[in-house]
Amino acid sequence: MTNKKKTYYSNSLISPIYQTATYYFQDTAQIIKQHEQEIKLGRYGRYDNPSWLEVEEKVAALDKMENALIFPSGMSAITTSLLTFLKQDDKLLYTGQTYRNIRKLCMDILSKIGITAVPLYQSDTKQFEDQFKARYSEDVRLVFIEMPSNPHLYLVDIAMIKEQLRDDTLLIVDSTLSTPINLQPIDFGADLIIHSATKYMAGHGDILAGTVSGSADLIEQIRNYRNVTGAIVDPNTAFFLNRGMKTLPLRMNHLNEVGLKLARYLEAHDKVRQVYYTALPSHPHHALAKKYLTDHGGVVSFELEAGEKETTQFVDALQIPFMGTNFGLADSMIEQCAIFTYYQLTPQERAEIGITDSLVRYSIGYEDDVEDIIQDLEQALAIL
Ligand SMILES: *Cc1c(COP(=O)(O)O)cnc(C)c1O
């Protein structure tokens, strides 16, 4: 027994999770209308799910773009977007001090399909700009900038880059660390904006997701690619992302405040050699931060006046943050970068991207008061 003419009501304030892979049509005429885009209905679970739409609209609105897509991880958002626009013999320029898997994607995967990816190190702004001018050529199809970078929070003069780009070069900005609350890349000419929504957007450390936003035309091209490659989010994940995003401004405002206090405390401590936080005048890109960022976020990286072993003792002595890699969740997280995320690299490779033995990344959660966090740091620094 089937009832092909389903009717139901819903005045639920919260949108349902559409746990479906399948859609049905009233009649053949409706199928034709759907093909002709006269009506918008679901066709098949790899192309559409209503659970995605509310999130995609929200991301587009936050990024001030026409449209957005969600993905099952930040990396899948990046991979799908890059592969949509790159072809054999194309060149890609990217910030060399970047999320490690973006580097791996460029160095190990894109190179296999005949795409040349050139890293430009951004720690030294002058050198970055010189390198950019030297390497920007006819075959560069895409420029990929992580802003701010992880873990040093390095910045790039995006508007300066944009000015030099031909119309056929796309500018992609991964602004996971700043979120739309602290940076609006569209104001400086970004064509596509990417977020690892796993971090602040979802905000609770319980899902992986990614987003890309851009003009309707660019997003449509990526959507066509996603329809084929199948990098789609399950509806439950979309629900959690949607829920998490409702508190994004609240959480970021809190982290901006706590981040600054923590950075100032660390900078004043004599066991701390260098703090990487863009609000501090001592950050190498503080001037760029004034131009681009409205605030500075919840990741504070710092180097201790200590070697590798003492730094390990310090992170082991901390009581509040969990040791692990992720940020933008309720719990604070700590990692000694050389021993966690960058463990597989050779010392030379680490040196090349500025990962020293005593570099620590503290990502602030929302569960603890800043006074408690500082007290905890104080007792751990005291053992050095
Ligand atoms: C975490 C991260 C990614 C990758 O996102 P996943 O959701 O882990 O796949 C990409 N870019 C930046 C800046 C990140 O921090």
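Residues numbered from 1 in each chain as written. Predicted model: local features only at pLDDT ≥ 70, side-chain atom pairs only at ≥ 80, totals over all residues. Heavy atoms only, no water.

- Per an unreviewed UniProt entry, the chain is named Cys/Met metabolism pyridoxal-phosphate-dependent protein, and its organism is Candidatus Thiomargarita nelsonii.
- As stated in UniProt under Cofactor (unreviewed entry), the record for the chain gives "pyridoxal 5'-phosphate".
- Quoted straight from UniProt, the Sequence similarities (unreviewed entry) entry for the chain says "Belongs to the trans-sulfuration enzymes family." (UniProt positions renumbered as here; feature names shortened; annotations may be inferred.)

**Points about the pairing of strand β2 (residues 91-95)**
And then number 1: The buried fraction of β2 is high, at five of five residues.
And then number 2: Residues of β2 alternate between two faces, with Lys 91, Leu 93 and Thr 95 on one and Leu 92 and Tyr 94 on the opposite face, all of them buried.
And then number 3: Strand direction decides the pairing type here: β2 and strand β3 (residues 116-120), joined by five bridges, are parallel. Note on β3: the bridge partner recorded for Leu 92 is Ala 117.
And then number 4: The parallel pair β2 and β3 is bridged by helix α4 (residues 100-109), and the resulting crossover is right-handed. (Buried < 20%, exposed > 50% of the residue type's maximum accessible area, 1.4 Å probe, protein only. Helix = DSSP H or I, 4+ residues; strand = E, 2+ residues; numbered from the N terminus. Pairing = 2+ DSSP bridges. Right-handed = clockwise from strand over helix to strand, strands pointing away.)

**A word on the sheet that holds strand β12 (residues 359-363)**
And then number 1: What the five strands build is an open sheet, ordered β8-β9-β12-β11-β10; its pairing is mixed. Each end of this open sheet is capped by a strand with a single partner; those strands are β8 (272-276) and β10 (322-323).
And then number 2: As defined by bridge partners, strand β9 (residues 299-304) adjoins β12 across five bridges and the pair is classed as antiparallel. Within β12, the position partnered with Ser 301 by the bridge is Arg 361.
And then number 3: Contacts between helix α10 (residues 248-268) and the sheet are confined to β8, β9 and β12, with β9 contributing the most and set at about 10° to the helix. (Contact = heavy atoms within 4.5 Å. Axes fitted to C-alpha atoms, helices over the stretch in contact; angles between N-to-C directions.)

**Regarding the nonpolar core**
And then number 1: Of all hydrophobic cores here, the largest spans 51 residues; its most connected members are Leu 241, Leu 266, Phe 302, Phe 314 and Leu 377.
And then number 2: Of the residues forming this core, the biggest block, eight residues, is contributed by α10.
And then number 3: When residues of this core are assigned to domains, at least three map to each of domain 1 (13-243) and domain 2 (247-382).
And then number 4: Excluding anything up to four places from it in sequence, Leu 241 contacts Val 55, Ile 70, Ala 197, Met 201, Ala 202, Ile 207 and Ala 209.
And then number 5: Tyr 136, Leu 155, Val 173 and Ala 289 belong to the second largest nonpolar core, which has 27 residues in total. (Core = buried A, V, L, I, M, F, W, Y, C linked by side-chain atoms within 4.5 Å. Domains from an automatic or database assignment.)

**Focus: the packing of aromatic side chains**
The geometry of two aromatic rings is summed up by the distance between their centres and the angle between their planes.
And then number 1: Using the criterion set out here, one finds seven aromatic pairs in the structure.
And then number 2: For the ring pair Tyr 200 and Phe 327, a centre distance of 5.5 Å and an interplane angle of 55° mean the geometry is tilted. Residue Tyr 200 is located in the loop between β6 (192-196) and β7 (210-214), and its partner Phe 327 is located in the loop between β10 and β11 (333-336); the two are separated by 127 residues in the primary sequence.
And then number 3: Of the residues examined, Phe 327 reaches a relative accessible area of 3% and is grouped as buried.
And then number 4: Considering the side-chain rings of Phe 239 and Phe 240, the 5.8 Å spacing of their centres and the 80° angle between planes classify their relative orientation as edge-to-face.
And then number 5: The class for Phe 239 is partly exposed, based on a relative accessible area of 23%.
And then number 6: Among the residues examined, Phe 240 registers a relative accessible area of 34% and is labelled partly exposed.
And then number 7: Positioned over the ring face of Tyr 99 is Lys 199, at 5.3 Å from the centre of the ring.
And then number 8: Across from the ring centre of Phe 71, 5.7 Å away, lies the NZ or CZ of Arg 226, which sits over that ring. (Phe/Tyr/Trp six-rings, centres within 6.5 Å; stacked < 30°, edge-to-face > 60°. Lys NZ or Arg CZ within 6 Å of the ring centre and 35° of its normal.)

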